[in-house]
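Analysis of the macromolecular model
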Amino acid sequence: MKTKSEFLSGEMVDLLNYRVEQEEYSSRLYLSMSTWLDDEGFAGAAKLFKQYSNEELVHATKAKKMLLANGIRPITPALKQPKQDYLSLPDVIIAALAHEKEITRQCYDLTKVAHKEGNFMVVELGLWYCKEQAEELNKVQYLIGRLEAFGEELSMLRELDEEMGELAD
Ligand SMILES: [Fe+2]
Ligand SMILES: [Fe+2]
């Protein structure tokens, strides 16, 4: 398997493979959250997190395509098992925010290294990831705001669950 190409350094290849792995892991994490929510009766939130799970696979495909375009076969990664148990709907939302912050740091790192190398193809892709992260953070911050505004009583969580179901397409 080739690991280097004219336009991708070894470090770029590693970072792009890492992007594939982390986006696929995000998908699994949100799938686990969706399954937990479904089991606990939060049908609307489960639907929204299932959609988030699907979207993460689209993000993974972006990095895969960049590798393939440069003649490098992306690694199909082994994924660690995501957390299976949560305490409550707010617990899931708070965990999702922490995860999106970590992913944002990773996307910044990818873009920084690409910029340092003068790799404009990957800079452009990195900027796409960073822009996507601004949207992802915004979505989760919105949910945190709803929790802060209306509290975590069951009747409020029921309304939030319904609203989350409506946010899913
Ligand atoms: Fe993502
Ligand atoms: Fe995400």
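Scroll up for the structure.
Sequence positions are assigned chain by chain, starting from 1 and proceeding in written order. To label them, take the chains in the order written and letter them from A, then take the ligands in the order written and number them from 1. Thresholds applied to this predicted model are a pLDDT of at least 70 for local features of residues and 80 or more for the giving and counting of side-chain atom pairs; totals over whole chains, interfaces and linings are not thresholded and use all residues.

This part takes up the overall build of the chain. Put simply, DSSP H or I for four residues or longer makes a helix, DSSP E for two residues or longer makes a strand, and each gets a number counted from the N terminus. Across its full length, the chain holds five helices and zero strands. Each helix and strand of the chain, placed in order from N terminus to C terminus, yields the pattern α-α-α-α-α. Overall, the C-alpha framework of the chain stretches about 60 × 25 × 25 Å when taken along its three principal axes. Relative to its full complement of 169 residues, the chain shows a buried share of 31%. In the chain, the share of contacts with a sequence separation of at least 24, taken over all contacts with a separation of at least 6, comes to 75%. The exposure scheme places C-beta atoms from the backbone and then counts, for each residue, the other C-beta atoms within 10 Å of its own, assigning buried at 20 or more, exposed at 12 or fewer, and partly exposed in between. Placing a C-beta atom from the backbone of each residue, one calls two residues in contact when those atoms lie within 7 Å.

Attention now goes to helix α5 (residues 154-167). Expected span, for any helix, means 1.5 Å times one less than how many residues it has. In this model α5 runs 20 Å from its N-terminal to its C-terminal C-alpha over 14 residues, within 8% of the 20 Å that 1.5 Å per residue would give. Buried within α5 we find L160, D161 and M164. Here the buried residues of α5 occupy an arc of 105° about the axis, which is enough to place them on one side. Among the exposed residues of α5, those oriented more than 90 degrees off its buried face are S155 and E166. Where α5 is buried, its residues touch α2 (43-69), α3 (89-117) and α4 (120-150). This arc describes the spread of directions from the helix axis toward the C-beta atoms.

For the pair helix α1 (residues 10-39) and α2, interaxial distance at closest approach is 8 Å and the crossing angle is 170°. What the angle tells us is that α1 and α2 run roughly antiparallel. Classified by chirality, the crossing of α2 by α1 is left-handed. Classification used: nonpolar for Ala, Val, Leu, Ile, Met, Phe, Trp, Tyr, Cys and Pro, charged for Asp, Glu, Lys and Arg, polar for all others including Gly. Residues that form the contact of α1 with α2 fall into these classes: 17 nonpolar, five polar and seven charged. Axis geometry follows a simple rule: fit a line to the C-alpha atoms, using only the stretch in contact for helices, then measure angles between N-to-C directions, giving values from 0 to 180 degrees. Convention used here: angles under 35 degrees read as roughly parallel, angles over 145 as roughly antiparallel, angles from 65 to 115 as roughly perpendicular, and any remaining angle as oblique. Handedness of a helix crossing follows the sense of rotation of the near helix relative to the far helix, less than a right angle counterclockwise being left-handed and clockwise being right-handed.

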